[in-house]
Structure formats: structure tokens, C-alpha cells
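Working through the structure, step by step
This is what each chain is made of:
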Amino acid sequence: MIQEILAPEMLIALITLIFLEIILGIDNIIFISIVTNKLPKEKQQRGRNIGLSLAMIFRVMLLLAITWIIQLTHPIFTIPKFLFIQEAVDISVRDLILIAGGLFLLAK
């Protein structure tokens, strides 16, 4: 178990995730500060606290959802050998989500 966690790929993924979370956290602080400045003075601190708390809760929920999605590796269908495909490819729900996300990013 500990060898899997200390594998170089896992450490790189962890470091990447930490940097992304730091950057997104700073972005949340800036955005929420700008938005709450439009509130009356007496409600600004409460608005910041609520906004940052919700941002943290949603981020944790999204990370938990990602860990669940990562585990969806059971194949739901197989693409057989075809022109440029050398061997049959099993496609899982995780693969479909990754393909849809990649196509979305390409379209944007």
C-alpha cells in the first residue's frame, strides 16, 4: 500500500493536485472578496465566510466524486479491431467521461 502511494506517478499527481488546489483556492478568495465588497459593510464578513465555506465543501465533494469516477473501470462495451486499431479496446464509464471531457475542451 505505502509503495503504491510513494510511486513517482502518484507523487507527481499529488503535487499537481496540491498546486491546482492552491491556485483555485486563491482564485476563490479573490472572486469572493470582489463579490462580497458589493454587500453592505455589516454583511461582508459573513458573506466571505459563507462563500469560502461553500467553496471548500464543494471542492471536497468534487474530489470525492472524482475518486468515485476513477474506480468506474468495468468495461461496458468493446471496440473491435478495425482499420487503425491494432487490438480490441474495452471502454468503461471512466473512459467515456474522459473522452467527453476531452471533446468538450477541444470544442471550447
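To start, this report covers the structure provided alongside it.

Cut-offs used in this document
Residues numbered from 1 in each chain as written. Predicted model: local features only at pLDDT ≥ 70, side-chain atom pairs only at ≥ 80, totals over all residues. Heavy atoms only, no water. 1 Å grid on protein atoms, 1.4 Å probe; cavity = no way out; pocket = protein on both sides within 12 Å on 5 of 7 lines; lining within 4 Å. Points joined across faces, edges and corners; volume = space filled by probe spheres on them. Helix = DSSP H or I, 4+ residues; strand = E, 2+ residues; numbered from the N terminus. Nonpolar A, V, L, I, M, F, W, Y, C, P; charged D, E, K, R; others polar. Expected span 1.5 Å × (residues − 1). Buried < 20%, exposed > 50% of the residue type's maximum accessible area, 1.4 Å probe, protein only. Patch = residues over 30% accessible without salt bridge, like charges linked within 9 Å, V, L, I, M, F, W, Y side chains within 5 Å. Areas by Shrake-Rupley, 256 points an atom, 1.4 Å probe, with all protein chains shown as cover. Salt bridge = Lys/Arg side-chain N within 4 Å of Asp/Glu carboxyl O. Contact = heavy atoms within 4.5 Å.

Time to look at the layout of surface pockets. Taken as a whole, the largest pocket encloses approximately 500 Å³ of empty space. Surrounding the largest pocket, 16 residues form its lining, Leu17, Leu20, Glu21, Leu63 and Ile66 being those nearest its centre. Residue assignment for the lining of the largest pocket shows that the elements contributing at least two residues are helix H2 (8-36) and helix H3 (41-70). The element that contributes the greatest number of residues to the lining of the largest pocket is H2, accounting for eight residues. A breakdown of the residues in the lining of the largest pocket according to their chemical character gives 12 nonpolar, two polar and two charged. Estimated volume of the second largest pocket: approximately 170 Å³. Along its surface, the second largest pocket is lined by Ile69, Ile70, Arg94, Ile97, Leu98, Gly101, Gly102 and Leu105. Within the residue set of the lining of the second largest pocket, elements represented by two or more residues are H3 and helix H4 (93-107). Ranked by residues supplied to the lining of the second largest pocket, first place goes to H4 with six residues. Its residues assigned to classes, the lining of the second largest pocket comprises five nonpolar, two polar and one charged.

In this model, H3 (30 residues) spans 44 Å end to end at C-alpha, consistent with the 44 Å of a helix rising 1.5 Å per residue. Taken residue by residue, H3 has Gln44, Gly51, Ala55 and Arg59 as its buried positions.

Turning to a nonpolar patch on the surface, a few remarks are in order. Side chains of Ile2, Ile5, Leu6, Leu11, Leu14, Ile15, Ile18, Phe19, Ile22, Ile26, Ile30 and Ile34 sit close together on the surface and give an oily, nonpolar patch of about 1,100 Å² of accessible area. At the level of elements, helix H1 (2-5) and H2 are the ones that each hand at least two residues to the nonpolar patch. In terms of residues, the nonpolar patch owes the most to one element, H2, which gives nine residues. Looking at where Phe19 falls in the secondary structure, it is placed in helix H2.

Below, the discussion takes up H2. In a regular helix each residue adds 1.5 Å, so 29 residues correspond to 42 Å; H2 covers 42 Å between its end C-alpha atoms and thus fits that length. Those residues of H2 not exposed but buried are Gly25, Asn28, Ile32 and Thr36. Of the surrounding elements, those touching the buried residues of H2 are H3.

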